[in-house]
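So the chains spell out like this:
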Amino acid sequence: MSLVDRINNDISRCFMRLDHFAEIHYWNGFEIVCVIDEEDALKRKNNNVNDISWDNNTRSLVVRTPSEFFPGGVEPDPNTHVMFDNRPMKIISVAHNMGVFDITLSAVDPREF
């Protein structure tokens, strides 16, 4: 079995399991299994400096979800708007990373503390 096959098998067997790392969230009304990373988005927003004192009234997060189960079966387009967990958000970037979409979202509201 190749490394790519092993990684694809591990996506649903470990990383995207609800009893390990993943959670259920809603993408335009559809349930998706994903892992949310707000710290990664915060580091990117602050130019890799983890400083919460700078905030331009936006909330950013990275959504990691298996590409094969994504609603519609196609990669989402950057600079489009979606409803994520009943919140309007804008897709900043999308990366296809070994069977997982890394989707950076941004919302115009302050981060929650």
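Residues numbered from 1 in each chain as written. Predicted model: local features only at pLDDT ≥ 70, side-chain atom pairs only at ≥ 80, totals over all residues. Heavy atoms only, no water.

Here's the deal with the nonpolar core
Okay, step 1: If you look at the biggest cluster of nonpolar residues, it comprises 15 residues, and the most contacted ones within it are Trp27, Val63, Phe84, Ile91, Ile103 and Leu105.
Okay, step 2: Looking at this core, the elements with two or more residues in it are strand E2 (30–37), strand E3 (59–66), strand E4 (81–84), strand E5 (87–97) and strand E6 (100–107). (Core = buried A, V, L, I, M, F, W, Y, C linked by side-chain atoms within 4.5 Å. Buried < 20%, exposed > 50% of the residue type's maximum accessible area, 1.4 Å probe, protein only. Helix = DSSP H or I, 4+ residues; strand = E, 2+ residues; numbered from the N terminus.)

Here we look at the pattern of salt bridges
Okay, step 1: Tallying each qualifying case throughout the model produces two salt bridges.
Okay, step 2: Of the charged contacts, one joins Asp37 and Arg64 as a salt bridge, the two residues approaching to 3.2 Å between their closest N and O atoms. Taken together, the residues Asp37 in strand E2 and Arg64 in strand E3 connect sequence positions 27 residues apart.
Okay, step 3: Overall, Arg64 belongs to the buried group, its relative accessible area being 17%.
Okay, step 4: Linked by salt bridges that have partners in common, Asp37, Arg64 and Asp102 make up one network. (Salt bridge = Lys/Arg side-chain N within 4 Å of Asp/Glu carboxyl O.)

Some thoughts on the pairing of E3
Okay, step 1: Among the eight residues of E3, eight are classified as buried, and the element is accordingly described as predominantly covered.
Okay, step 2: Where burial is concerned, the two faces of E3 agree: the one with Arg59, Leu61, Val63 and Thr65 and the one with Ser60, Val62, Arg64 and Pro66 are both buried.
Okay, step 3: Pairing analysis gives three bridges linking E2 to E3, with the strands arranged antiparallel. If you follow Asp37 over to E3, its bridge partner there is Val62. (Pairing = 2+ DSSP bridges.)

Remarks on the confidence of the model for the chain
Okay, step 1: When the pLDDT values of the chain are averaged, the result is 78; 68% of them are 70 or greater.
Okay, step 2: Mean pLDDT per element in the chain: helix H2 (residues 38–45) is the minimum at 61, and E4 is the maximum at 94. (pLDDT = per-residue confidence, 0-100.)

Examining the pairing of E6
Okay, step 1: Counting buried residues in E6 gives eight out of eight residues, a clear majority hidden from the surface.
Okay, step 2: Two elements, E5 and E6, share seven bridges in a ladder whose sense is antiparallel. Its bridge partner being in E6, Asn97 is matched across the sheet by Val100.

What to know about the packing of aromatic side chains
Okay, step 1: Inspection of the entire model under this criterion finds three aromatic pairs.
Okay, step 2: Taking 5.1 Å as the distance between ring centres and 65° as the angle between the ring planes, the aromatic pair formed by Trp27 and Phe70 counts as edge-to-face. In this pair, Trp27 sits in strand E1 (residues 23–27) while Phe70 sits in the loop between E3 and E4, placing the two residues 43 residues apart along the sequence. Taken as a pair, Trp27 and Phe70 share a single burial class, namely buried.
Okay, step 3: Ring plane angle 75° and centroid distance 6.2 Å describe the contact between Trp27 and Phe84, whose orientation is recorded as edge-to-face. Separated by 57 residues along the polypeptide, Trp27 in strand E1 and Phe84 in strand E4 bring together distant segments of the chain. With respect to class, Trp27 is no different from Phe84; both count as buried.
Okay, step 4: Three or more aromatic residues link up through ring pairs in this structure, and these residues are Trp27, Phe70, Phe84 and Phe101. (Phe/Tyr/Trp six-rings, centres within 6.5 Å; stacked < 30°, edge-to-face > 60°.)

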